[in-house]
Amino acid sequence: MSRGRATSRPARLRFENVVQRFRIIRERPDTIREVFARVFRHSSHYHDFEALKGVSFEIFDGEMVGIVGRNGSGKSTTLKIIAGVYRPTSGAVKVSGKVAALIELGAGFHPDLTGRENIVLNGLMIGLSKREIRAREERILDFAELGEFIDSPIKQYSSGMILRLGFSIAMEVDPDILLVDEILAVGDAAFQQKCLARIDEFRRRKTIVYVSHSAASVRELCTRALLLHEGTLVADGSPDLVLAEYSELLQHAVVS
Amino acid sequence: MRSLISELVRNRELIWALALKELRVRYKRSALGFLWALLNPLLMMLILTAVFSTLMRVQIDHYSIFLLSVLLPWTLFSQSLAYGVESIVGNGELLKKIYIAKSVFPTAAVLSNVINFFFSLIPLIILMPLMRFPFHWTWIYLPVPLLGLVLFALGCSFFLAMANVFFRDVAHILQVILSAWFYVSPIIYSLDFVPARYRFFFRLNPMLYLLNGFRLAIYYGLLPSLQSAVASLGCGVLGLVLGYSIFRRYQDTLVFYV
(Lines give C-alpha, C1' and ligand atoms only; values in the text may rest on other atoms or scores of the structure.)
Protein backbone atom coordinates (compact mmCIF):
# COMPACT_ATOMS: atom_id res chain seq x y z
CA MET A 1 0.00 0.00 0.00
CA SER A 2 2.96 2.30 -0.42
CA ARG A 3 1.95 5.50 -2.08
CA GLY A 4 5.33 5.99 -3.63
CA ARG A 5 5.83 9.04 -1.45
CA ALA A 6 9.37 10.27 -1.99
CA THR A 7 10.26 11.01 1.58
CA SER A 8 13.15 10.44 3.86
CA ARG A 9 11.36 11.24 7.10
CA PRO A 10 10.21 8.30 9.18
CA ALA A 11 6.51 7.54 9.41
CA ARG A 12 4.72 8.83 12.50
CA LEU A 13 2.57 5.73 12.43
CA ARG A 14 3.07 2.45 10.64
CA PHE A 15 0.85 -0.64 10.35
CA GLU A 16 2.50 -3.70 8.86
CA ASN A 17 0.22 -6.57 7.98
CA VAL A 18 -1.83 -6.08 11.12
CA VAL A 19 -4.28 -8.81 11.99
CA GLN A 20 -6.77 -8.47 14.83
CA ARG A 21 -8.64 -11.61 15.65
CA PHE A 22 -11.47 -11.79 18.14
CA ARG A 23 -12.82 -14.96 19.59
CA ILE A 24 -16.56 -14.72 19.35
CA ILE A 25 -18.07 -17.04 21.90
CA ARG A 26 -21.75 -17.50 21.42
CA GLU A 27 -22.33 -17.56 25.11
CA ARG A 28 -19.15 -16.91 26.99
CA PRO A 29 -18.80 -19.13 30.05
CA ASP A 30 -18.66 -16.58 32.82
CA THR A 31 -18.83 -19.03 35.65
CA ILE A 32 -16.95 -22.17 36.54
CA ARG A 33 -20.13 -24.24 36.35
CA GLU A 34 -20.57 -23.33 32.69
CA VAL A 35 -16.96 -24.23 31.98
CA PHE A 36 -17.49 -27.69 33.45
CA ALA A 37 -20.71 -28.08 31.52
CA ARG A 38 -18.84 -27.18 28.35
CA VAL A 39 -15.94 -29.54 29.02
CA PHE A 40 -18.25 -32.46 29.59
CA ARG A 41 -20.25 -31.79 26.48
CA HIS A 42 -17.01 -31.58 24.47
CA SER A 43 -18.36 -28.75 22.45
CA SER A 44 -16.69 -25.56 21.43
CA HIS A 45 -19.07 -22.66 21.15
CA TYR A 46 -16.85 -20.13 19.51
CA HIS A 47 -15.59 -19.04 16.18
CA ASP A 48 -12.78 -16.68 15.35
CA PHE A 49 -13.56 -13.40 13.69
CA GLU A 50 -10.91 -11.27 12.03
CA ALA A 51 -11.69 -7.60 12.40
CA LEU A 52 -8.51 -6.71 10.51
CA LYS A 53 -7.06 -9.14 7.98
CA GLY A 54 -3.55 -7.90 7.36
CA VAL A 55 -3.70 -4.13 7.05
CA SER A 56 -0.64 -2.05 6.16
CA PHE A 57 -0.24 1.71 5.85
CA GLU A 58 1.99 4.57 6.89
CA ILE A 59 0.98 7.99 8.13
CA PHE A 60 3.31 11.00 8.21
CA ASP A 61 3.43 14.27 10.11
CA GLY A 62 1.13 16.96 8.80
CA GLU A 63 -1.38 14.52 7.38
CA MET A 64 -5.01 14.33 8.36
CA VAL A 65 -6.14 10.89 7.32
CA GLY A 66 -9.81 9.97 7.18
CA ILE A 67 -10.74 6.32 7.60
CA VAL A 68 -14.03 5.43 5.96
CA GLY A 69 -15.91 2.18 5.63
CA ARG A 70 -19.19 0.55 6.55
CA ASN A 71 -20.10 -0.58 10.05
CA GLY A 72 -17.93 -3.51 11.05
CA SER A 73 -15.24 -2.76 8.47
CA GLY A 74 -12.55 -2.40 11.15
CA LYS A 75 -12.39 1.40 11.61
CA SER A 76 -12.83 1.45 15.36
CA THR A 77 -10.55 -1.54 15.79
CA THR A 78 -7.85 0.37 13.92
CA LEU A 79 -8.24 3.37 16.22
CA LYS A 80 -8.14 1.15 19.31
CA ILE A 81 -4.93 -0.49 18.13
CA ILE A 82 -3.32 2.91 17.56
CA ALA A 83 -4.48 4.01 21.01
CA GLY A 84 -2.94 0.87 22.54
CA VAL A 85 -6.19 -0.55 23.89
CA TYR A 86 -5.90 -3.65 21.71
CA ARG A 87 -2.71 -5.53 21.07
CA PRO A 88 -2.95 -6.96 17.54
CA THR A 89 -2.95 -10.72 17.07
CA SER A 90 -0.12 -10.48 14.55
CA GLY A 91 1.70 -7.91 12.50
CA ALA A 92 3.67 -4.89 13.62
CA VAL A 93 2.44 -1.51 14.77
CA LYS A 94 4.85 1.36 15.21
CA VAL A 95 3.59 4.49 16.87
CA SER A 96 6.09 7.23 17.64
CA GLY A 97 5.16 9.99 20.01
CA LYS A 98 2.16 10.67 22.20
CA VAL A 99 -1.30 9.61 21.16
CA ALA A 100 -4.47 11.29 22.37
CA ALA A 101 -7.94 10.07 21.56
CA LEU A 102 -11.03 12.18 21.12
CA ILE A 103 -12.95 8.95 21.05
CA GLU A 104 -14.47 8.26 24.38
CA LEU A 105 -14.61 11.73 25.81
CA GLY A 106 -15.12 11.56 29.50
CA ALA A 107 -14.24 7.87 29.80
CA GLY A 108 -12.68 7.63 33.22
CA PHE A 109 -14.61 10.47 34.77
CA HIS A 110 -15.93 9.54 38.17
CA PRO A 111 -19.47 10.82 38.80
CA ASP A 112 -18.90 11.52 42.51
CA LEU A 113 -15.81 13.67 41.98
CA THR A 114 -15.94 17.34 41.00
CA GLY A 115 -14.92 18.67 37.61
CA ARG A 116 -11.65 19.92 39.04
CA GLU A 117 -10.87 16.55 40.68
CA ASN A 118 -11.73 14.77 37.46
CA ILE A 119 -9.35 16.97 35.48
CA VAL A 120 -6.52 15.66 37.63
CA LEU A 121 -7.64 12.01 37.55
CA ASN A 122 -8.41 12.01 33.83
CA GLY A 123 -5.25 13.92 33.00
CA LEU A 124 -3.17 11.32 34.86
CA MET A 125 -4.95 8.50 33.04
CA ILE A 126 -4.16 9.88 29.62
CA GLY A 127 -0.53 10.38 30.50
CA LEU A 128 -0.03 13.88 31.88
CA SER A 129 1.93 14.40 35.07
CA LYS A 130 0.46 16.24 38.02
CA ARG A 131 2.64 19.24 37.41
CA GLU A 132 1.60 19.43 33.76
CA ILE A 133 -2.04 19.23 34.75
CA ARG A 134 -1.71 22.02 37.28
CA ALA A 135 -0.03 24.22 34.68
CA ARG A 136 -2.84 23.60 32.20
CA GLU A 137 -5.78 23.65 34.55
CA GLU A 138 -6.74 27.25 33.83
CA ARG A 139 -6.67 26.71 30.08
CA ILE A 140 -8.79 23.57 30.40
CA LEU A 141 -11.33 25.36 32.57
CA ASP A 142 -11.43 28.31 30.16
CA PHE A 143 -11.96 26.17 27.13
CA ALA A 144 -14.60 23.92 28.69
CA GLU A 145 -16.80 26.88 29.75
CA LEU A 146 -18.13 25.19 32.86
CA GLY A 147 -18.49 28.30 35.00
CA GLU A 148 -19.18 27.63 38.64
CA PHE A 149 -20.02 23.98 37.95
CA ILE A 150 -16.33 23.19 38.07
CA ASP A 151 -16.49 22.42 41.82
CA SER A 152 -19.68 20.35 41.60
CA PRO A 153 -19.74 16.56 41.21
CA ILE A 154 -19.74 15.50 37.58
CA LYS A 155 -23.02 13.62 37.97
CA GLN A 156 -24.77 17.00 38.05
CA TYR A 157 -23.35 17.93 34.64
CA SER A 158 -25.26 17.82 31.39
CA SER A 159 -23.91 15.43 28.76
CA GLY A 160 -22.70 18.42 26.75
CA MET A 161 -20.69 19.72 29.69
CA ILE A 162 -19.02 16.33 30.17
CA LEU A 163 -18.07 16.19 26.48
CA ARG A 164 -16.68 19.73 26.61
CA LEU A 165 -14.56 18.92 29.63
CA GLY A 166 -13.35 15.68 28.04
CA PHE A 167 -12.42 17.46 24.82
CA SER A 168 -10.57 20.20 26.67
CA ILE A 169 -8.49 17.75 28.68
CA ALA A 170 -7.65 15.57 25.67
CA MET A 171 -6.48 18.56 23.63
CA GLU A 172 -4.14 19.61 26.43
CA VAL A 173 -2.15 16.39 26.16
CA ASP A 174 -0.42 18.08 23.21
CA PRO A 175 -0.23 14.78 21.34
CA ASP A 176 1.74 13.97 18.21
CA ILE A 177 -1.12 11.87 16.92
CA LEU A 178 -4.73 12.79 17.53
CA LEU A 179 -7.43 10.16 17.05
CA VAL A 180 -10.84 11.59 16.29
CA ASP A 181 -14.10 9.68 16.05
CA GLU A 182 -17.04 11.72 14.78
CA ILE A 183 -15.92 14.61 16.92
CA LEU A 184 -18.26 17.14 15.42
CA ALA A 185 -21.08 16.18 17.73
CA VAL A 186 -19.55 17.91 20.74
CA GLY A 187 -21.73 20.57 22.32
CA ASP A 188 -23.62 23.38 20.62
CA ALA A 189 -22.74 25.10 17.35
CA ALA A 190 -20.55 27.72 18.98
CA PHE A 191 -18.51 25.12 20.84
CA GLN A 192 -18.23 23.01 17.70
CA GLN A 193 -16.72 25.99 15.91
CA LYS A 194 -14.23 26.35 18.72
CA CYS A 195 -13.31 22.66 18.55
CA LEU A 196 -12.93 22.78 14.79
CA ALA A 197 -10.68 25.82 15.03
CA ARG A 198 -8.58 23.98 17.60
CA ILE A 199 -8.35 20.87 15.44
CA ASP A 200 -7.56 22.98 12.38
CA GLU A 201 -4.68 24.64 14.15
CA PHE A 202 -3.46 21.26 15.39
CA ARG A 203 -3.70 19.71 11.94
CA ARG A 204 -1.11 22.03 10.48
CA ARG A 205 1.62 20.80 12.82
CA LYS A 206 0.77 17.24 13.72
CA THR A 207 -1.01 14.09 12.61
CA ILE A 208 -4.70 13.35 12.83
CA VAL A 209 -6.51 10.07 12.19
CA TYR A 210 -10.19 10.72 11.68
CA VAL A 211 -12.95 8.12 11.52
CA SER A 212 -16.23 9.23 10.10
CA HIS A 213 -19.34 8.21 8.22
CA SER A 214 -19.71 11.68 6.82
CA ALA A 215 -18.14 11.88 3.36
CA ALA A 216 -18.53 15.65 3.33
CA SER A 217 -16.42 16.18 6.44
CA VAL A 218 -13.71 13.83 5.22
CA ARG A 219 -13.56 15.66 1.88
CA GLU A 220 -13.45 19.01 3.62
CA LEU A 221 -10.92 18.24 6.36
CA CYS A 222 -8.65 15.40 5.28
CA THR A 223 -5.55 15.36 3.13
CA ARG A 224 -5.84 11.65 2.49
CA ALA A 225 -8.32 8.83 3.04
CA LEU A 226 -8.26 5.09 3.65
CA LEU A 227 -11.16 2.80 2.79
CA LEU A 228 -11.60 -0.31 4.88
CA HIS A 229 -13.89 -3.10 3.79
CA GLU A 230 -14.43 -6.25 5.86
CA GLY A 231 -11.07 -5.90 7.51
CA THR A 232 -8.94 -5.18 4.47
CA LEU A 233 -7.64 -1.91 3.13
CA VAL A 234 -9.17 -1.53 -0.33
CA ALA A 235 -8.24 2.06 -1.17
CA ASP A 236 -5.64 4.58 -0.04
CA GLY A 237 -5.25 7.97 -1.66
CA SER A 238 -6.74 11.40 -2.09
CA PRO A 239 -10.12 11.87 -0.37
CA ASP A 240 -11.96 12.44 -3.65
CA LEU A 241 -10.68 9.21 -5.14
CA VAL A 242 -11.27 7.09 -2.06
CA LEU A 243 -14.70 8.54 -1.39
CA ALA A 244 -15.74 7.77 -4.97
CA GLU A 245 -14.77 4.18 -4.41
CA TYR A 246 -16.61 4.18 -1.09
CA SER A 247 -19.86 5.38 -2.64
CA GLU A 248 -19.52 2.72 -5.33
CA LEU A 249 -19.08 0.13 -2.61
CA LEU A 250 -22.15 1.42 -0.78
CA GLN A 251 -24.28 1.26 -3.93
CA HIS A 252 -23.08 -2.25 -4.51
CA ALA A 253 -24.10 -3.15 -0.97
CA VAL A 254 -27.57 -1.67 -1.42
CA VAL A 255 -28.13 -3.57 -4.65
CA SER A 256 -27.02 -6.97 -3.36
CA MET B 1 9.35 -8.25 37.89
CA ARG B 2 11.54 -5.36 36.80
CA SER B 3 8.91 -4.39 34.25
CA LEU B 4 6.30 -4.28 37.02
CA ILE B 5 8.43 -1.98 39.16
CA SER B 6 9.14 0.43 36.30
CA GLU B 7 5.47 0.40 35.31
CA LEU B 8 4.41 1.22 38.85
CA VAL B 9 7.03 3.94 39.21
CA ARG B 10 5.98 5.51 35.92
CA ASN B 11 2.34 5.54 37.00
CA ARG B 12 2.93 6.45 40.64
CA GLU B 13 0.90 9.67 40.48
CA LEU B 14 -2.05 7.89 38.89
CA ILE B 15 -1.91 5.05 41.44
CA TRP B 16 -1.88 7.52 44.30
CA ALA B 17 -4.77 9.50 42.81
CA LEU B 18 -6.81 6.33 42.24
CA ALA B 19 -6.19 5.14 45.81
CA LEU B 20 -7.29 8.49 47.24
CA LYS B 21 -10.34 8.48 44.96
CA GLU B 22 -11.20 5.00 46.24
CA LEU B 23 -11.12 6.24 49.84
CA ARG B 24 -12.96 9.45 49.07
CA VAL B 25 -15.74 7.59 47.30
CA ARG B 26 -15.87 4.94 50.04
CA TYR B 27 -16.56 7.46 52.77
CA LYS B 28 -18.13 10.33 50.87
CA ARG B 29 -21.84 9.75 51.37
CA SER B 30 -21.69 8.61 55.00
CA ALA B 31 -22.45 11.04 57.79
CA LEU B 32 -19.37 10.09 59.80
CA GLY B 33 -17.19 9.98 56.71
CA PHE B 34 -13.61 9.12 57.38
CA LEU B 35 -14.33 8.30 61.03
CA TRP B 36 -15.54 4.92 59.79
CA ALA B 37 -11.93 4.01 59.04
CA LEU B 38 -11.34 4.37 62.79
CA LEU B 39 -14.68 3.03 64.05
CA ASN B 40 -14.82 -0.15 61.99
CA PRO B 41 -11.88 -1.96 63.60
CA LEU B 42 -12.93 -0.71 67.05
CA LEU B 43 -16.44 -2.13 66.71
CA MET B 44 -15.07 -5.39 65.34
CA MET B 45 -12.66 -5.54 68.27
CA LEU B 46 -15.48 -4.91 70.78
CA ILE B 47 -17.57 -7.75 69.38
CA LEU B 48 -14.69 -10.24 69.26
CA THR B 49 -13.49 -9.23 72.72
CA ALA B 50 -17.00 -9.62 74.12
CA VAL B 51 -17.33 -13.08 72.61
CA PHE B 52 -13.90 -14.51 73.28
CA SER B 53 -12.71 -12.74 76.38
CA THR B 54 -15.95 -12.31 78.29
CA LEU B 55 -18.30 -15.07 77.17
CA MET B 56 -15.79 -17.82 76.42
CA ARG B 57 -13.37 -16.71 79.14
CA VAL B 58 -10.24 -16.97 77.05
CA GLN B 59 -7.46 -16.22 79.52
CA ILE B 60 -5.31 -13.67 77.76
CA ASP B 61 -4.08 -10.53 79.43
CA HIS B 62 -5.23 -7.35 77.66
CA TYR B 63 -7.14 -9.37 75.09
CA SER B 64 -8.25 -6.31 73.12
CA ILE B 65 -4.62 -5.30 72.41
CA PHE B 66 -3.69 -8.93 71.73
CA LEU B 67 -6.49 -9.03 69.19
CA LEU B 68 -6.11 -5.60 67.58
CA SER B 69 -2.38 -6.07 67.01
CA VAL B 70 -3.18 -8.63 64.29
CA LEU B 71 -6.80 -7.77 63.51
CA LEU B 72 -5.72 -4.46 61.95
CA PRO B 73 -3.16 -6.03 59.57
CA TRP B 74 -5.61 -8.84 58.81
CA THR B 75 -8.21 -6.22 57.85
CA LEU B 76 -5.62 -4.56 55.60
CA PHE B 77 -5.07 -7.93 53.92
CA SER B 78 -8.68 -9.03 53.56
CA GLN B 79 -9.93 -5.63 52.39
CA SER B 80 -7.09 -5.39 49.88
CA LEU B 81 -8.23 -8.67 48.36
CA ALA B 82 -11.90 -7.71 48.46
CA TYR B 83 -11.17 -4.49 46.54
CA GLY B 84 -8.43 -6.03 44.43
CA VAL B 85 -10.61 -8.82 43.06
CA GLU B 86 -13.00 -6.26 41.52
CA SER B 87 -10.32 -3.82 40.42
CA ILE B 88 -10.01 -4.93 36.79
CA VAL B 89 -13.61 -5.95 36.16
CA GLY B 90 -14.85 -2.77 37.83
CA ASN B 91 -12.75 -0.66 35.48
CA GLY B 92 -13.53 -2.80 32.44
CA GLU B 93 -15.39 -0.11 30.54
CA LEU B 94 -12.47 2.25 31.02
CA LEU B 95 -9.89 -0.31 29.91
CA LYS B 96 -11.83 -0.92 26.71
CA LYS B 97 -11.65 2.77 25.88
CA ILE B 98 -8.25 4.11 26.82
CA TYR B 99 -4.89 2.52 27.33
CA ILE B 100 -3.80 2.38 30.94
CA ALA B 101 -1.23 -0.04 32.36
CA LYS B 102 -3.38 -2.79 33.88
CA SER B 103 -1.20 -3.28 36.95
CA VAL B 104 -2.24 0.19 38.15
CA PHE B 105 -5.68 -0.96 39.31
CA PRO B 106 -4.89 -3.85 41.71
CA THR B 107 -2.03 -1.77 43.08
CA ALA B 108 -4.29 1.21 43.77
CA ALA B 109 -6.80 -1.10 45.49
CA VAL B 110 -4.10 -2.37 47.85
CA LEU B 111 -2.63 1.09 48.39
CA SER B 112 -5.98 2.56 49.43
CA ASN B 113 -6.19 -0.11 52.13
CA VAL B 114 -2.64 0.57 53.27
CA ILE B 115 -3.63 4.22 53.81
CA ASN B 116 -6.73 3.01 55.60
CA PHE B 117 -4.54 0.79 57.78
CA PHE B 118 -2.49 3.74 59.00
CA PHE B 119 -5.68 5.51 60.05
CA SER B 120 -6.93 2.38 61.78
CA LEU B 121 -3.80 2.42 63.96
CA ILE B 122 -5.09 5.62 65.61
CA PRO B 123 -7.72 3.87 67.78
CA LEU B 124 -5.09 1.34 68.87
CA ILE B 125 -2.71 4.13 69.80
CA ILE B 126 -5.47 5.84 71.81
CA LEU B 127 -6.61 2.61 73.43
CA MET B 128 -3.19 1.49 74.68
CA PRO B 129 -2.58 4.26 77.27
CA LEU B 130 -6.24 4.06 78.29
CA MET B 131 -5.70 0.40 79.15
CA ARG B 132 -2.34 1.16 80.74
CA PHE B 133 -0.66 -1.00 78.15
CA PRO B 134 2.96 -0.04 77.43
CA PHE B 135 4.26 1.06 74.04
CA HIS B 136 7.18 -1.24 73.32
CA TRP B 137 10.20 0.07 71.44
CA THR B 138 9.73 -2.88 69.11
CA TRP B 139 7.11 -0.82 67.21
CA ILE B 140 9.99 0.39 65.07
CA TYR B 141 10.20 -3.14 63.67
CA LEU B 142 6.66 -2.94 62.20
CA PRO B 143 7.69 -1.78 58.68
CA VAL B 144 9.21 -5.25 58.09
CA PRO B 145 6.07 -7.36 58.63
CA LEU B 146 4.06 -4.61 56.94
CA LEU B 147 6.20 -4.90 53.82
CA GLY B 148 5.80 -8.68 53.76
CA LEU B 149 2.04 -8.43 54.20
CA VAL B 150 1.58 -5.74 51.54
CA LEU B 151 3.65 -7.63 48.96
CA PHE B 152 1.62 -10.76 49.65
CA ALA B 153 -1.67 -8.85 49.40
CA LEU B 154 -0.49 -7.33 46.12
CA GLY B 155 0.36 -10.74 44.67
CA CYS B 156 -3.03 -12.15 45.72
CA SER B 157 -4.81 -9.11 44.27
CA PHE B 158 -3.05 -9.46 40.92
CA PHE B 159 -4.06 -13.10 40.72
CA LEU B 160 -7.64 -12.55 41.91
CA ALA B 161 -8.26 -9.51 39.69
CA MET B 162 -7.23 -11.53 36.65
CA ALA B 163 -9.05 -14.72 37.67
CA ASN B 164 -12.23 -12.69 38.20
CA VAL B 165 -12.10 -11.45 34.61
CA PHE B 166 -12.42 -15.00 33.34
CA PHE B 167 -14.59 -16.47 36.11
CA ARG B 168 -16.89 -14.11 37.94
CA ASP B 169 -17.34 -16.79 40.63
CA VAL B 170 -14.00 -15.79 42.08
CA ALA B 171 -15.37 -12.72 43.84
CA HIS B 172 -18.02 -14.84 45.58
CA ILE B 173 -15.68 -17.66 46.51
CA LEU B 174 -13.25 -15.12 47.92
CA GLN B 175 -15.70 -14.04 50.62
CA VAL B 176 -16.05 -17.61 51.85
CA ILE B 177 -12.31 -18.22 51.71
CA LEU B 178 -11.57 -15.04 53.64
CA SER B 179 -13.93 -15.89 56.47
CA ALA B 180 -12.51 -19.41 56.72
CA TRP B 181 -8.97 -18.02 56.53
CA PHE B 182 -9.77 -15.65 59.38
CA TYR B 183 -10.57 -18.55 61.73
CA VAL B 184 -7.67 -20.81 60.76
CA SER B 185 -5.19 -17.96 61.24
CA PRO B 186 -3.92 -17.04 64.69
CA ILE B 187 -5.91 -13.81 65.01
CA ILE B 188 -8.46 -14.35 67.76
CA TYR B 189 -6.16 -16.94 69.34
CA SER B 190 -2.47 -17.77 69.20
CA LEU B 191 -0.75 -20.92 68.04
CA ASP B 192 -0.29 -22.09 71.66
CA PHE B 193 -4.05 -22.68 71.85
CA VAL B 194 -3.87 -25.22 69.05
CA PRO B 195 -3.37 -28.84 70.17
CA ALA B 196 0.22 -29.85 69.36
CA ARG B 197 -0.75 -32.60 66.92
CA TYR B 198 -2.62 -30.12 64.67
CA ARG B 199 0.04 -27.43 64.70
CA PHE B 200 1.75 -28.82 61.65
CA PHE B 201 -1.29 -27.94 59.52
CA PHE B 202 -1.45 -24.44 60.95
CA ARG B 203 2.19 -23.94 60.00
CA LEU B 204 1.27 -24.37 56.33
CA ASN B 205 -0.71 -21.11 56.49
CA PRO B 206 1.38 -18.18 55.20
CA MET B 207 -0.74 -15.84 57.31
CA LEU B 208 0.94 -17.30 60.40
CA TYR B 209 4.30 -15.86 59.33
CA LEU B 210 2.88 -12.68 57.86
CA LEU B 211 0.98 -11.70 61.03
CA ASN B 212 3.45 -13.03 63.58
CA GLY B 213 5.71 -9.96 63.56
CA PHE B 214 2.84 -7.58 64.28
CA ARG B 215 1.75 -9.36 67.46
CA LEU B 216 5.30 -9.89 68.69
CA ALA B 217 6.22 -6.24 68.26
CA ILE B 218 3.00 -4.62 69.49
CA TYR B 219 1.75 -7.04 72.16
CA TYR B 220 4.75 -8.97 73.43
CA GLY B 221 7.38 -6.28 72.86
CA LEU B 222 9.68 -8.83 71.26
CA LEU B 223 11.59 -8.96 68.02
CA PRO B 224 10.95 -12.06 65.90
CA SER B 225 13.74 -14.49 65.19
CA LEU B 226 15.65 -14.02 61.97
CA GLN B 227 13.95 -17.10 60.49
CA SER B 228 10.56 -15.65 61.27
CA ALA B 229 11.41 -12.31 59.64
CA VAL B 230 12.77 -14.06 56.56
CA ALA B 231 9.67 -16.27 56.44
CA SER B 232 7.39 -13.23 56.45
CA LEU B 233 9.28 -11.38 53.71
CA GLY B 234 9.72 -14.63 51.77
CA CYS B 235 5.95 -15.26 51.76
CA GLY B 236 5.43 -11.72 50.54
CA VAL B 237 7.94 -11.88 47.69
CA LEU B 238 6.85 -15.36 46.64
CA GLY B 239 3.20 -14.34 46.64
CA LEU B 240 3.92 -11.29 44.52
CA VAL B 241 6.07 -13.16 42.00
CA LEU B 242 3.48 -15.91 41.57
CA GLY B 243 0.48 -13.60 41.43
CA TYR B 244 2.08 -11.13 39.05
CA SER B 245 3.44 -13.75 36.66
CA ILE B 246 -0.10 -15.03 36.12
CA PHE B 247 -1.40 -11.47 35.78
CA ARG B 248 1.27 -10.59 33.25
CA ARG B 249 0.56 -13.61 31.13
CA TYR B 250 -3.04 -12.59 30.50
CA GLN B 251 -2.93 -8.82 30.75
CA ASP B 252 -2.99 -8.25 27.00
CA THR B 253 -6.03 -10.41 26.36
CA LEU B 254 -8.16 -9.42 29.31
CA VAL B 255 -9.60 -6.40 27.51
CA PHE B 256 -11.61 -8.80 25.33
CA TYR B 257 -13.25 -10.43 28.33
CA VAL B 258 -14.08 -7.70 30.83
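Up top is the structure these notes are about.
Described in the following lines is the structure provided in the data block. As the structure is a prediction and not an experimental result, all values here were calculated from the model. (Residues numbered from 1 in each chain as written. Chains lettered and ligands numbered in written order. Predicted model: local features only at pLDDT ≥ 70, side-chain atom pairs only at ≥ 80, totals over all residues.)

1. So, the overall build of chain B
Thinking step 1. Each helix and strand in chain B was counted, giving 11 helices and zero strands.
Thinking step 2. If you list the helices and strands of chain B from N to C, you get α-α-α-α-α-α-α-α-α-α-α.
Thinking step 3. When the backbone C-alpha atoms are referred to their principal axes, chain B occupies close to 55 × 45 × 35 Å.
Thinking step 4. Put simply, chain B has 258 residues, and 39% of those count as buried.
Thinking step 5. In chain B, 80% of the contacts between residues at least 6 apart in sequence involve partners at least 24 apart. (Helix = DSSP H or I, 4+ residues; strand = E, 2+ residues; numbered from the N terminus. Buried ≥ 20, exposed ≤ 12 C-beta atoms within 10 Å, placed from the backbone. Contact = placed C-beta atoms within 7 Å.)

2. Looking at the nonpolar core
Thinking step 1. Counting residues in each nonpolar core, the largest one holds 130 residues, and the members touching the most others are L179(A) and V209(A).
Thinking step 2. By residue number, the principal contributor to this core is helix α7 (residues 143–166) of chain B, which donates 15 residues.
Thinking step 3. Setting aside chain neighbours within four positions, we find V209(A) in contact with I59(A), V65(A), I67(A), L79(A), I82(A), I177(A) and L179(A). (Core = buried A, V, L, I, M, F, W, Y, C linked by C-beta atoms within 7 Å.)

3. Here's the deal with unusual backbone geometry
Thinking step 1. Unlike most non-glycine residues, E145(A) shows phi in positive territory, near 50°.
Thinking step 2. With respect to the secondary-structure elements, E145(A) resides in the loop between α4 (130–144) and α5 (159–171).
Thinking step 3. Phi at R132(B) takes a positive value of approximately 50°, unusual for a residue other than glycine.
Thinking step 4. Classification of R132(B) by C-beta neighbours within 10 Å gives exposed; the count is 7.

4. Digging into the sheet that holds strand β5 (residues 99–102) of chain A
Backbone-to-backbone hydrogen bonds pair the strands of a sheet. The strands run either parallel or antiparallel.
All names here are of chain A.
Thinking step 1. Reading across the sheet, the six strands line up as β5-β6-β7-β3-β8-β9 and stay open at both edges, with mixed pairing between neighbours. If you trace the sheet from one side to the other, it starts and ends with β5 and β9 (232–237), each paired once. Recorded for the sheet is a direction-independent mean angle of 20° between the axes of neighbouring strands.
Thinking step 2. Pairing of β5 with strand β6 (residues 177–181) involves four bridges; the strand directions are parallel. (Pairing = 2+ DSSP bridges. Axes fitted to C-alpha atoms, helices over the stretch in contact; angles between N-to-C directions.)

5. Examining the packing of α7(B) against helix α11 (residues 226–250) of chain B
In a packed pair of helices, the relevant descriptors are the angle between the two axes and the axis-to-axis distance.
All names here are of chain B.
Thinking step 1. α11 packs onto α7 with a crossing angle of 20° between their chain directions and a minimal axis gap of 7 Å. With respect to α11, the element α7 is oriented roughly parallel. Relative to α11, α7 is oriented so that their crossing is left-handed.
Thinking step 2. Classifying every residue of the contact of α7 with α11 by side-chain character gives 21 nonpolar, six polar and no charged. (Parallel < 35°, antiparallel > 145°, perpendicular 65-115°, else oblique. Left-handed = near helix turned anticlockwise from the far one by under 90°. Nonpolar A, V, L, I, M, F, W, Y, C, P; charged D, E, K, R; others polar.)

6. Some words on the packing of helix α3 (residues 115–125) of chain A against helix α2 (residues 12–28) of chain B
Thinking step 1. One way to put it is that α3(A) packs onto α2(B) with a least axis distance of 9 Å and a crossing angle of 140°. When the axes of α3(A) and α2(B) are compared, the pair comes out oblique. Between α3(A) and α2(B) lies a crossing whose hand is left-handed. Facing V120(A), L121(A), L124(A) and M125(A) of α3(A), the residues of α2(B) in contact are E13(B), L14(B), A17(B) and K21(B).
Thinking step 2. Of the residues contributing to the contact of α3(A) with α2(B), the split by class is six nonpolar, no polar and two charged.

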